[in-house]
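# Topology and contacts: notes
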Amino acid sequence: MKLAEALQERADLNRRIEQLRVRITANALVQEGEKTAEDPAALLEELQACTERLCALIRAINRTNCETVTNGVSLTDLIAERDSKRVLLSIYQDAVDAASRAVSRATRSEIRILPALDVKALQEQADLLSKELRLLDNTLQEQNWKTELLGL
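Just so it is clear, the structure is predicted and the values come from calculations on it, not from any experiment.

On to the overall build of the protein, then. Looking only at helices and strands, the protein has four helices and two strands in total. Secondary structure of the protein in N-to-C order comes out as α-α-β-β-α-α. Computed over C-alpha atoms, the radius of gyration of the protein comes to 24 Å, more than 25% over the 15 Å expected from 2.2 N^0.38 for 152 residues, which places it beyond the range of a compact globule. When its C-alpha atoms are laid out on the principal axes, the protein stretches across 75 × 55 × 15 Å. Each of the 152 residues in the protein was classed as buried or not, and the buried ones make up 25%. Sequence-distant contacts, at least 24 apart, represent 75% of the contacts inside the protein between residues at least 6 apart. Averaged over its 21 positive side-chain charges, the protein has a centre that lies 6 Å from the centre of its 25 negative ones.

The following block contains the structure:
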(Lines give C-alpha, C1' and ligand atoms only; values in the text may rest on other atoms or scores of the structure.)
Protein backbone atom coordinates (compact mmCIF):
# COMPACT_ATOMS: atom_id res chain seq x y z
CA MET A 1 0.00 0.00 0.00
CA LYS A 2 1.26 3.45 -0.90
CA LEU A 3 1.51 6.14 1.76
CA ALA A 4 -1.06 8.24 -0.14
CA GLU A 5 -3.56 5.37 0.00
CA ALA A 6 -3.02 5.04 3.74
CA LEU A 7 -3.62 8.78 4.15
CA GLN A 8 -6.86 8.50 2.20
CA GLU A 9 -7.98 5.54 4.31
CA ARG A 10 -7.12 7.47 7.48
CA ALA A 11 -9.30 10.38 6.33
CA ASP A 12 -12.14 7.98 5.50
CA LEU A 13 -11.84 6.33 8.92
CA ASN A 14 -11.92 9.70 10.67
CA ARG A 15 -15.13 10.57 8.81
CA ARG A 16 -16.61 7.15 9.60
CA ILE A 17 -15.74 7.47 13.29
CA GLU A 18 -17.44 10.87 13.44
CA GLN A 19 -20.54 9.42 11.76
CA LEU A 20 -20.54 6.57 14.28
CA ARG A 21 -20.30 9.09 17.13
CA VAL A 22 -23.46 10.81 15.86
CA ARG A 23 -25.31 7.53 15.32
CA ILE A 24 -24.32 6.13 18.72
CA THR A 25 -25.45 9.32 20.44
CA ALA A 26 -28.72 9.33 18.50
CA ASN A 27 -29.41 5.75 19.58
CA ALA A 28 -28.22 6.02 23.18
CA LEU A 29 -31.73 6.53 24.60
CA VAL A 30 -35.00 4.91 23.70
CA GLN A 31 -38.50 5.24 25.00
CA GLU A 32 -39.64 2.31 27.11
CA GLY A 33 -41.27 -0.32 24.93
CA GLU A 34 -39.68 1.04 21.74
CA LYS A 35 -36.58 0.01 19.82
CA THR A 36 -33.73 2.18 18.66
CA ALA A 37 -33.33 2.80 14.92
CA GLU A 38 -29.94 1.07 15.10
CA ASP A 39 -28.37 -1.31 17.60
CA PRO A 40 -26.03 0.86 19.69
CA ALA A 41 -24.00 -2.18 20.77
CA ALA A 42 -23.31 -3.06 17.12
CA LEU A 43 -22.37 0.55 16.44
CA LEU A 44 -19.93 0.45 19.38
CA GLU A 45 -18.36 -2.73 17.99
CA GLU A 46 -17.94 -1.05 14.61
CA LEU A 47 -16.45 1.98 16.34
CA GLN A 48 -13.93 -0.24 18.14
CA ALA A 49 -12.87 -1.88 14.87
CA CYS A 50 -12.53 1.51 13.15
CA THR A 51 -10.42 2.99 15.94
CA GLU A 52 -8.14 -0.07 16.00
CA ARG A 53 -7.58 0.22 12.24
CA LEU A 54 -7.03 3.96 12.59
CA CYS A 55 -4.41 3.39 15.28
CA ALA A 56 -2.55 0.89 13.09
CA LEU A 57 -2.64 3.26 10.12
CA ILE A 58 -1.44 6.24 12.14
CA ARG A 59 1.48 4.22 13.50
CA ALA A 60 2.47 3.06 10.03
CA ILE A 61 2.04 6.54 8.52
CA ASN A 62 4.13 8.16 11.26
CA ARG A 63 6.84 5.51 10.95
CA THR A 64 6.92 5.94 7.18
CA ASN A 65 7.03 9.74 7.42
CA CYS A 66 9.96 9.57 9.83
CA GLU A 67 11.97 7.13 7.76
CA THR A 68 11.28 8.55 4.29
CA VAL A 69 13.77 11.19 3.23
CA THR A 70 13.55 13.44 0.19
CA ASN A 71 16.22 16.00 -0.66
CA GLY A 72 17.87 15.22 2.68
CA VAL A 73 14.75 16.02 4.72
CA SER A 74 12.30 13.59 6.29
CA LEU A 75 8.64 13.76 5.36
CA THR A 76 7.91 14.51 9.04
CA ASP A 77 10.08 17.62 8.82
CA LEU A 78 8.43 18.66 5.54
CA ILE A 79 4.99 18.25 7.11
CA ALA A 80 6.01 20.38 10.09
CA GLU A 81 7.30 23.05 7.72
CA ARG A 82 4.10 22.92 5.67
CA ASP A 83 1.89 23.20 8.74
CA SER A 84 3.80 26.18 10.11
CA LYS A 85 3.71 27.91 6.71
CA ARG A 86 -0.06 27.38 6.56
CA VAL A 87 -0.49 29.09 9.93
CA LEU A 88 1.77 31.96 8.91
CA LEU A 89 0.02 32.39 5.56
CA SER A 90 -3.39 32.44 7.22
CA ILE A 91 -2.28 35.20 9.59
CA TYR A 92 -0.69 37.20 6.75
CA GLN A 93 -3.90 36.93 4.71
CA ASP A 94 -6.00 38.03 7.70
CA ALA A 95 -3.66 40.98 8.28
CA VAL A 96 -3.84 42.01 4.61
CA ASP A 97 -7.63 41.82 4.73
CA ALA A 98 -7.81 43.85 7.95
CA ALA A 99 -5.35 46.50 6.78
CA SER A 100 -7.06 46.79 3.38
CA ARG A 101 -10.51 47.58 4.74
CA ALA A 102 -11.77 50.97 3.74
CA VAL A 103 -13.05 53.02 6.65
CA SER A 104 -15.52 55.62 5.52
CA ARG A 105 -15.79 59.07 7.05
CA ALA A 106 -18.86 61.25 6.87
CA THR A 107 -16.92 64.48 7.28
CA ARG A 108 -13.31 65.61 6.97
CA SER A 109 -13.21 66.37 10.68
CA GLU A 110 -13.61 62.73 11.66
CA ILE A 111 -10.54 60.77 12.72
CA ARG A 112 -8.75 59.09 9.82
CA ILE A 113 -8.08 55.40 10.14
CA LEU A 114 -4.92 54.29 8.35
CA PRO A 115 -3.33 50.88 7.90
CA ALA A 116 -0.56 50.21 10.40
CA LEU A 117 0.99 47.65 8.06
CA ASP A 118 2.51 47.92 4.61
CA VAL A 119 -0.25 46.06 2.78
CA LYS A 120 1.69 45.71 -0.46
CA ALA A 121 4.75 44.21 1.25
CA LEU A 122 2.57 41.93 3.38
CA GLN A 123 0.68 40.74 0.29
CA GLU A 124 3.99 40.03 -1.45
CA GLN A 125 5.06 37.95 1.56
CA ALA A 126 1.73 36.11 1.49
CA ASP A 127 2.13 35.42 -2.23
CA LEU A 128 5.65 34.10 -1.67
CA LEU A 129 4.45 31.89 1.19
CA SER A 130 1.62 30.60 -1.01
CA LYS A 131 4.10 29.61 -3.69
CA GLU A 132 6.40 27.91 -1.17
CA LEU A 133 3.42 26.08 0.29
CA ARG A 134 2.29 24.88 -3.15
CA LEU A 135 5.77 23.57 -3.95
CA LEU A 136 6.01 21.87 -0.57
CA ASP A 137 2.59 20.29 -1.02
CA ASN A 138 3.61 19.06 -4.47
CA THR A 139 6.75 17.45 -3.04
CA LEU A 140 4.76 15.77 -0.28
CA GLN A 141 2.08 14.53 -2.68
CA GLU A 142 4.70 13.14 -5.03
CA GLN A 143 6.45 11.30 -2.21
CA ASN A 144 3.14 10.01 -0.81
CA TRP A 145 2.43 8.28 -4.11
CA LYS A 146 5.98 6.95 -4.52
CA THR A 147 6.48 5.67 -0.98
CA GLU A 148 5.40 2.26 0.25
CA LEU A 149 3.81 2.26 3.70
CA LEU A 150 6.06 0.69 6.33
CA GLY A 151 4.93 -1.84 8.90
CA LEU A 152 1.22 -2.30 8.36
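This paragraph deals with the nonpolar core. Counting 17 residues, the largest nonpolar core has Leu-57, Ile-61 and Leu-149 as its most contacted members. Elements with a minimum of two residues in this core: α1 (3-26), α2 (40-67), α3 (75-100) and α4 (119-146). In this view, Leu-57 contacts Met-1, Ala-6, Glu-9, Arg-10, Leu-13, Leu-149 and Leu-152; residues no more than four positions away in its chain are not counted.

On to the pattern of salt bridges, then. As enumerated under the stated definition, the model contains 13 salt bridges in all. Among the ionic pairs, Glu-38 bridges to Arg-23, the shortest N-O distance being 2.3 Å. Here Glu-38, found in the loop between α1 and α2, pairs with Arg-23, found in helix α1; they are 15 residues apart in sequence, far enough to count as distant. A salt bridge links Glu-81 to Lys-85, with the shortest nitrogen-to-oxygen separation between them at 3.9 Å. Here Glu-81 pairs with Lys-85, and both are found in helix α3, just four residues apart, close to one helical turn. On the basis of relative accessible area, Glu-81 is assigned to the partly exposed category, the value being 35%. By relative accessible area, which is 16% here, Lys-85 ends up buried. One connected set of salt bridges, linked through shared partners, spans Arg-82, Asp-83, Arg-86 and Asp-137.

In this section: the packing of α1 against α2. Contact pair α1 / α2: the axes reach a minimum separation of 9 Å and the direction vectors enclose 150°. Taken together, the axes of α1 and α2 are roughly antiparallel relative to one another. Of the two elements, α1 crosses α2, and the hand of that crossing is left-handed. Residue composition of the contact of α1 with α2, grouped by class: 15 nonpolar, four polar and six charged.

What follows deals with the packing of α2 against α3. Orientation of α2 relative to α3, taken along the N-to-C sense of each, is 100°, at an axis distance of 5 Å. In terms of their interaxial angle, α2 and α3 are classed as roughly perpendicular. Packed against α2, whose contacting residues are Asn-62, Asn-65 and Cys-66, the element α3 presents Leu-75, Thr-76 and Ile-79 at the interface. Considered class by class, the residues forming the contact of α2 with α3 number three nonpolar, three polar and no charged.

The rules behind these values
- Residues numbered from 1 in each chain as written.
- Predicted model: local features only at pLDDT ≥ 70, side-chain atom pairs only at ≥ 80, totals over all residues.
- Heavy atoms only, no water.
- Helix = DSSP H or I, 4+ residues; strand = E, 2+ residues; numbered from the N terminus.
- Rg over C-alpha atoms; globule rule 2.2 N^0.38 Å.
- Buried < 20%, exposed > 50% of the residue type's maximum accessible area, 1.4 Å probe, protein only.
- Contact = heavy atoms within 4.5 Å.
- Lys, Arg positive; Asp, Glu negative; His and termini not counted.
- Charge placed at Lys NZ, Arg CZ, Asp CG, Glu CD.
- Core = buried A, V, L, I, M, F, W, Y, C linked by side-chain atoms within 4.5 Å.
- Salt bridge = Lys/Arg side-chain N within 4 Å of Asp/Glu carboxyl O.
- Axes fitted to C-alpha atoms, helices over the stretch in contact; angles between N-to-C directions.
- Parallel < 35°, antiparallel > 145°, perpendicular 65-115°, else oblique.
- Left-handed = near helix turned anticlockwise from the far one by under 90°.
- Nonpolar A, V, L, I, M, F, W, Y, C, P; charged D, E, K, R; others polar.

Just geometry here; none of it tells us what the structure is for.
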